[in-house]
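Next come the chains, spelled out residue by residue.
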Amino acid sequence: MKKLISVLGASFIWIALIAPANSGPVGIGVTLQTGKYETSGTETEKTVTGVTSETTSKTLEETFMGGSVYAEFRTDNGWALGVDYVPMNIDLGSGKRTDASTGADVASEADTGDRSASAEIDGLTTIYAHIPIGPLYVLLGYHSADVTTSETLQTSSYGNASINGTQIGLGMKSEDSRMRAQFSYSDFDNISLTATGNTITGAVTSQNKITADADAYAFTIAFGF
């Protein structure tokens, strides 16, 4: 699906760039966005012989500001089909803690020390449609992105993941569709990451695991060309 979105996005932008400026149905533009996202995550530590496994949960609510570029096909009666791309990474939050344990039979199995981790969304791409309803339009969108992680852990590390999501919103646009303002809600799929690198022979029976979910509310102003 990610490759399909990339091809569609490139096609929209290519057509928009070579089309005449007065070619009505095709348009490109930029957006400015602000809003709030909520990320909830749970980490379950690996099971090691002689050590009690711990589960830690955390929820972050933060505001954001950013922008995107888009290309779309428009109709005279307000319908539109387009692709929106956010060129910068979106920080999902970070955290740090220090673990101490005396329960392990072998000191090297205690997995103690400082832990830090952060995550961000990279390459957020959205296929969207505008469905006119009177002076307003309903926004329907489908997101695709990568979640990249960065961590400093004692005996393990997490990889990256691809996620999808859905978007719904309501907006209003100018008669020529070049200016619009909209409010939207995005719901991203749950992700699950399992750590690698725990290699204590015969002691580790399950690896560290993270599950997370993210939602976002956004207000967007778009300027078309």
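The structure reproduced in this document is the subject of the present report. The model shown is predicted, which means the values in this text are computed figures rather than measured ones. (Residues numbered from 1 in each chain as written. Predicted model: local features only at pLDDT ≥ 70, side-chain atom pairs only at ≥ 80, totals over all residues. Heavy atoms only, no water.)

Thoughts on the pattern of salt bridges
Side chains that differ in sign of charge can pair as their charged atoms come close. Scanning the model with the defined rule gives three salt bridges in all. Across the pair E61 and K36 runs a salt bridge, and its minimum N-O distance is 3.8 Å. Placement of the pair is E61 in strand β3 (residues 55-74) and K36 in strand β1 (residues 26-44), with a sequence separation of 25 residues. Across the pair E72 and R180 runs a salt bridge whose closest N-O atoms are separated by 3.3 Å. Taken together, the positions of E72 in strand β3 and R180 in strand β9 (residues 179-188) put the pair 108 residues apart, joining distant regions of the chain. By relative accessible area, E72 is classed as buried at 1%. Looking at R180, the relative accessible area reads 8%, which means it is buried. (Salt bridge = Lys/Arg side-chain N within 4 Å of Asp/Glu carboxyl O. Helix = DSSP H or I, 4+ residues; strand = E, 2+ residues; numbered from the N terminus. Buried < 20%, exposed > 50% of the residue type's maximum accessible area, 1.4 Å probe, protein only.)

Examining the packing of aromatic side chains
All chains considered together, the criterion is met by three aromatic pairs. Look at F183 and Y217: their rings are 6.3 Å apart centre to centre, the planes differ by 25 degrees, and that puts the pair in the stacked class. Taken together, the positions of F183 in strand β9 and Y217 in strand β12 (residues 209-224) put the pair 34 residues apart, joining distant regions of the chain. Given the relative accessible area of 45%, F183 is considered partly exposed. The class for Y217 is partly exposed, based on a relative accessible area of 42%. Taken together, F183, Y185 and Y217 form an aromatic cluster joined through their ring pairs. Looking at K173, its charged tip hangs above the ring of Y137, at a distance of 4.7 Å from the centre. Note that R180 overlies the ring of Y70, its terminal NZ or CZ placed 4.6 Å from the centroid. (Phe/Tyr/Trp six-rings, centres within 6.5 Å; stacked < 30°, edge-to-face > 60°. Lys NZ or Arg CZ within 6 Å of the ring centre and 35° of its normal.)

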